[in-house]
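This is what each chain is made of:
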Amino acid sequence: MSKSTSVVTEAGTFGEFGGSYVPEELQRVLAKIAEAFDRYKDDPEFNKELRYYLKDYVGRENPLTFAKNLTEQAGGAKIYLKREDLNHTGAHKINNTIGQILLAKRMGAKRIIAETGAGQHGVATATVAALFGLPCTIYMGKYDTERQALNVFRMELLGAKVVPVEKGQGRLKDAVDEALGDLVQNHETTYYLLGSAVGPHPYPTMVHHFQSVISEESKRQILEKEGKLPAAVVACVGGGSNAIGAFAHYIDEPSVRLVGVEPVEAASIAEGVPAVIHGFKCYALVDENNNPKPTYSIAAGLDYPGVGPEHSYLKASGRGEYVTVTGQEALDAFLNLSKVEGIIPALESAHAVAYAMKLAKTLPKDESIIVNLSGRGDKDVKQVYEMLQKK
Ligand SMILES: *Cc1c(COP(=O)(O)O)cnc(C)c1O
């Protein structure tokens, strides 16, 4: 978001984190979205419609799969996989885009815009815009459009217009700035559908709400299968949306460890410092001028120099544990899960699997761990093929 930060509100703070550090004109637009969200989030009609689409379009509820072979390999706690990879479009992102587009419709939006980095959120947004017949513009850094040409084409197939952003470094941050500029200019007609548990209020709260269906289901499922809560829930952390959804219904269960896994190459929580980036305060990897540092993870979805404010708070308060694994460990977990369970995970999700294997070894066999399998690996097969050719 723009660096001309002027106004900050108390709304949407998590301890010292979160808030809304944006210019006043944008603040007013965000306040309207916050108001609509407050009004509809507990509205029975809204929730009926949300549940309908989650079931009949996304394909929820998805299974909690006992990973028998993985469990035997690790030789400790039972490992369960929450199967967000089986959702329509192949990841958890659709939970949020369905929720937010229903809100946009209620707000009378005639047009949807979004940012995207690698293209996954752009695809999930273009999907729901197609479903609801709304024109959709996706801002994507020029550099990213070149790296992810196939995702650009996917969005176009779904009817979206992809705008390559040449400003700045032509990366995700620049795409966010363009999208916010568009929103300020066209807020009468336009809804900005943000993709992760980041950004200024109300986005982190809203994304938490729409992704919390993950743990609502997994809690019911694990109690059915094990008769008790898991010892830990493990999820990868980019901006933090799949992790906060996987943690949500366990935050008030102190016996359940909440473990967020970052790539060591983009370890915002593990190695960052509190800073304001992109309109909110969080742990971030910044340089001496407080500018976000470039990161490089093999998993494009985890390649973000900041992290959601609620994760920052869970870390600072000690409720959450945040750990790192290397790209190599994630790649090994990707190959292993494919081989022993017949499930090709997203490279992002493979980070969580890699850590869960280590954690399982330290826990007794009558305990269980839930790993949030945030997405499927089809999108990564070509990249992994190329990485293996290089060796
Ligand atoms: C986008 C993405 C992520 C990272 O985003 P979060 O907001 O941290 O969840 C993780 N896994 C997959 C499969 C993704 O597409």
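Numbers given for residues are sequential positions, taken from 1 along each chain in its written order. A pLDDT threshold of at least 70 governs which residues receive local features in this predicted model, and a stricter bar of 80 or more applies before side-chain atom pairs are shown or counted, although totals over entire chains, interfaces and linings include all residues. As a rule here, side-chain values come from all non-hydrogen atoms in the structure, and water together with hydrogens is ignored.

Counted only if it meets this: UniProt positions are given in the numbering used here, feature names are shortened, and annotations may be inferred rather than shown by experiment.
Looking at an unreviewed UniProt entry, the chain carries the name Tryptophan synthase beta chain, with the source organism given as Sporolactobacillus nakayamae. Turning to the chain, the UniProt record has this under Cofactor (unreviewed entry): "pyridoxal 5'-phosphate".

**Section: the overall build of the chain**
The line we're drawing: Where helices and strands are cited, they refer to DSSP runs of H or I of at least four residues and of E of at least two residues respectively, numbered from the N terminus. Accessibility throughout is a Shrake-Rupley quantity obtained with a 1.4 Å probe, and a residue counts as covered only by protein chains that appear here. Charge assignment in this entry is limited to Lys and Arg as positive and Asp and Glu as negative, and neither His nor the chain termini are counted. The atom standing in for a charge is NZ when the residue is Lys, CZ when it is Arg, CG when it is Asp and CD when it is Glu.
Along its length, the chain carries 16 helices and 14 strands. With respect to the principal axes defined by its C-alpha atoms, the chain has extents near 55 × 50 × 40 Å. Entry remark: accessible area of the chain is about 15,800 Å², with carbon and sulfur atoms responsible for 51%. For the chain, the centre of its 43 positive side-chain charges and the centre of its 48 negative side-chain charges are spaced 3 Å apart.

**Some points on the UniProt feature "modified residue: N6-(pyridoxal phosphate)lysine" (unreviewed entry) in the chain**
We apply this condition: A contact between two residues is defined here by any heavy atoms of the two lying within 4.5 Å.
Under the local residue numbering, the UniProt record ascribes the feature "modified residue: N6-(pyridoxal phosphate)lysine" (unreviewed entry) to Lys93. Checked against the element boundaries, Lys93 lands in helix α4 (residues 93-106). Setting aside residues up to four positions removed in sequence, Lys93 forms contacts with Gln120, His121, Ala124 and Gln211.

**Examining the sheet that holds strand β7 (residues 161-165)**
Definition in use: A pair of strands counts as paired when DSSP detects no fewer than two bridges linking them. Lines fitted to the C-alpha atoms define the axes, with helices restricted to the stretch that makes contact. Angles between their N-to-C directions range from 0 to 180 degrees.
Taken in spatial order, the four strands make up an open sheet running β7-β6-β5-β8, and their pairing is parallel. Of all strands in the sheet, those bounded by a partner on one side alone are β7 and β8 (190-192). Going from strand to strand, the sheet's axes swing by 25° on average, the running direction of each strand aside. Strand contacts of α4: β5 (111-116) and β8, with the helix running at about 155° to β8, the strand carrying the most contacts.

**Points about the environment of Ser338**
What counts here: The term polar contact refers here to a pair of N or O atoms within 3.5 Å; inside protein, the definition further demands a hydrogen-donor-capable atom paired with an acceptor-capable atom, and it admits residues adjacent in sequence only when both atoms are side-chain atoms.
Take Ser338: it is sitting in helix α14 (residues 327-341). Along the backbone, Ser338 and Gly377 are 39 residues apart, and their C-alpha atoms lie at a distance of 9.4 Å. A polar side-chain atom of Ser338 sits 2.7 Å from the main-chain carbonyl oxygen of Phe334.

**Section: the packing of aromatic side chains**
Think of a pair of aromatic rings as described by two things: how far the centres are apart, and how the planes are tilted against each other in angle. The condition that has to hold: Only centres within 6.5 Å qualify two rings of Phe, Tyr or Trp (six-membered ring in Trp) as a pair; their planes then separate them into stacked at under 30 degrees, edge-to-face at over 60, and tilted for everything else. In this scheme, Lys NZ or Arg CZ marks a charge over a ring once it lies within 6 Å of the ring centre and within 35 degrees of the ring normal.
All told, the structure shown has eight aromatic pairs when counted by the stated rule. Taken together, Phe37, Tyr40, Phe46 and Phe210 form an aromatic cluster joined through their ring pairs. The ring of Phe37 is capped by Lys41, whose NZ or CZ atom sits 5.9 Å from the centre of that ring. Lys219 extends its terminal NZ or CZ atom over the ring of Tyr250, reaching a point 5.9 Å from the ring centre.

**A look at unusual backbone geometry**
Each neighbour pair has its own omega, and for Arg60 with Glu61 the value is 5°, a cis peptide bond. Locating Glu61 in the fold gives a position in the loop between α2 (44-58) and β3 (64-66). The omega torsion of the bond from His201 to Pro202 falls at 10°, within 30 degrees of zero and hence cis. For Pro202, the position within the fold is in the loop between β8 and α9 (203-211). Of note, the phi angle at Asn290 is positive, near 65°, even though the residue is not glycine.

**Digging into a nonpolar patch on the surface**
Under the convention used in this document: Only residues above 30% relative accessible area that lack a salt bridge enter a patch, with like-charged residues linked at up to 9 Å and the nonpolar side chains Val, Leu, Ile, Met, Phe, Trp and Tyr linked at up to 5 Å. Put simply, a salt bridge is a Lys or Arg side-chain nitrogen that is within 4 Å of an Asp or Glu carboxyl oxygen. Classification of residues uses two cut-offs on accessible area relative to the type maximum, computed with a 1.4 Å probe and protein chains only: under 20% is buried, over 50% is exposed, and between them is partly exposed.
On the surface, a nonpolar cluster with roughly 410 Å² of combined accessible area is contributed by Leu150, Phe153, Leu157 and Leu158. In this structure, Leu150 sits in helix α7 (residues 149-157). The exposure class of Leu150 is exposed, given its relative accessible area of 60%.

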